[in-house]
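Remarks on the overall topology
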Amino acid sequence: MLIRAFTLLLLAITSVPAIAEKAATLTIYTHPSFAAEWGPGPAVKEAFEQTCDCQIHYVVLNSGGDILQRLRLEGESTQADLVLGLDTATMETTRQTGLLGNHEADLAALELPIDWKDPVFVPYDWGYFAFVYDTEQLPNPPESLEALIAAPDDLKIIIQDPRTSTPGLGLLLWMRHVYGNQAPEKWQQLSGKILTTTKSWSDGYFSLFMNGEAPMILSYSTSPAYHMAVDKTDRYQAVEFKEGHYLQVEVAALVKSSDKKDLSRAFLDFMLSADFQRHIPLKNVMYPATDLGDELPAVFDQLIQPTEALYFGPKAVNENRREWLNEWLDAMTR
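Quick summary incoming for the structure in this document. (Residues numbered from 1 in each chain as written. Predicted model: local features only at pLDDT ≥ 70, side-chain atom pairs only at ≥ 80, totals over all residues. Heavy atoms only, no water.)

**A look at the nonpolar core**
Counting residues in each nonpolar core, the largest one holds 106 residues, and the members touching the most others are F131, W174 and F267. Per-element tally for this core: the top contributor is strand β5 (residues 122–134), with nine residues. Beyond its immediate sequence surroundings of up to four residues, F131 is in contact with L148, I157, I159, L171, W174, M216, I217, L218, Q237, A238, V239 and F241. (Core = buried A, V, L, I, M, F, W, Y, C linked by side-chain atoms within 4.5 Å. Buried < 20%, exposed > 50% of the residue type's maximum accessible area, 1.4 Å probe, protein only. Helix = DSSP H or I, 4+ residues; strand = E, 2+ residues; numbered from the N terminus. Contact = heavy atoms within 4.5 Å.)

Next up, the structure:
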């Protein structure tokens with residue numbers, strides 16, 4: 001009896017580590033269009049978890065701007081191991097928080113319109129901002145930024161707030177790149193055509209534009225790819241502007257205070273693999289950051305191809321962002 005009790009006790013003791021041991025959880029702060037059921041997040045989660053003894057947990061914030069603000073507020077006490085959903089317009093401001101660490105990733109596979117050697121941020125996709133229009137409501141859209149600004153005020157458009165939305169900030173930079181110091185005056189001229197300014201891209205696109213509230217919305221040159229490939233319709237198209245289109249590169253980075261840096265770096269390496277990148281074109285509806293070859297959906301050949309990529313470096317954006325935002329606010333409230 002004593003031997004049996006001792007055996008049972010021994011079995012209980014030796015089984016404790018197996019019961020207590022749990023897979024590591026990688027916490028990623030991101031935005032709705034990545035983590036949503038229709039976005040790349042679920043497929044990426046499944047694919048990465050097959051490569052590690054881990055689980056991915058997405059914390060979904062409204063936009064790239066909200067990711068930055070949440071990280072700032074939490075500081076070194078943040079639960080995030082990674083942030084995914086920042087871009088070239090917000091990365092320098094985020095870098096200066098001092099909360100991010102170097103990625104140590106091999107970037108040789110990158111295929112971007114610009115050279116990339118940043119030690120902190122790893123790109124996972126890219127695209128051009130563009131105005132998408134409903135061909136049934138607006139068969140002849142303005143074909144330049146200047147033509148849009150000069151259009152009658154009964155042409156209504158939807159844009160996003162540059163303080164909270166990366167596309168909104170992209171339009172701010174687009175206007176500044178084209179018009180320089182005349183940008184505030186051009187904003188005033190454009191203001192009569194703005195039906196509403198939404199906090200995030202998804203608020204404007206799905207809730208308003210797709211319900212016919214306005215015939216034109218600030219989005220991406222790649223947005224029609226989803227409608228053509230998934231919805232099987234050519235109704236929604238992007239218009240190519242003669243002045244060129246502003247370039248966005250979306251990025252991820254590891255958080256310096258994370259106790260899972262090795263796992264975070266493994267995920268950043270995984271981002272540049274085909275198992276991650278193949279989910280970008282039709283789930284994040286952007287260009288992949290690496291060459292997918294024949295895996296790139298054929299509908300991408302039908303998209304507009306801007307002749308000029310407009311772009312401010314991250315440092316220039318960081319140095320001027322507050323001034324340009326104040327100009328925009330002043331123009332919108334006059």
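There is more to say after this.
**Digging into the packing of helix α7 (residues 166–179) against helix α14 (residues 314–333)**
Running from N to C, α7 and α14 point in directions that differ by 90°, and their axes come no closer than 11 Å. Accordingly, the angle class assigned to the pair α7 and α14 is roughly perpendicular. Counted together, L169, L172, L173 and R176 of α7 and V317, R321, W324, L325, E327 and W328 of α14 form the full contact between these two elements. Classifying every residue of the contact of α7 with α14 by side-chain character gives seven nonpolar, no polar and three charged. (Axes fitted to C-alpha atoms, helices over the stretch in contact; angles between N-to-C directions. Parallel < 35°, antiparallel > 145°, perpendicular 65-115°, else oblique. Nonpolar A, V, L, I, M, F, W, Y, C, P; charged D, E, K, R; others polar.)

**Examining the pattern of salt bridges**
A full pass over the atoms with the stated rule returns 15 salt bridges. As a salt-bridge pair, D118 and R95 come within 2.6 Å of each other at their nearest N and O atoms. Placement of D118 in the loop between β4 (100–101) and β5 and of R95 in helix α5 (residues 91–95) is noted, with a sequence separation of 23 residues between them. One salt bridge in this structure joins R278 and D275, with 2.6 Å as the shortest N-O distance. By relative accessible area, D275 is classed as partly exposed at 38%. Residues joined by salt bridges that share partners form a network here, namely E92, R95 and D118. (Salt bridge = Lys/Arg side-chain N within 4 Å of Asp/Glu carboxyl O.)

**Observations regarding the packing of aromatic side chains**
One pass over the full model with this rule turns up 25 aromatic pairs. Relative to F276, the ring of Y124 has its centre 6.3 Å away and its plane inclined at 75°; by these criteria the two rings are edge-to-face. Placement of the pair is Y124 in strand β5 and F276 in helix α12 (residues 274–277), with a sequence separation of 152 residues. The burial state of Y124 is the same as that of F276; both residues are buried. (Phe/Tyr/Trp six-rings, centres within 6.5 Å; stacked < 30°, edge-to-face > 60°.)

Geometric descriptors of this kind do not, in isolation, establish any biological role.
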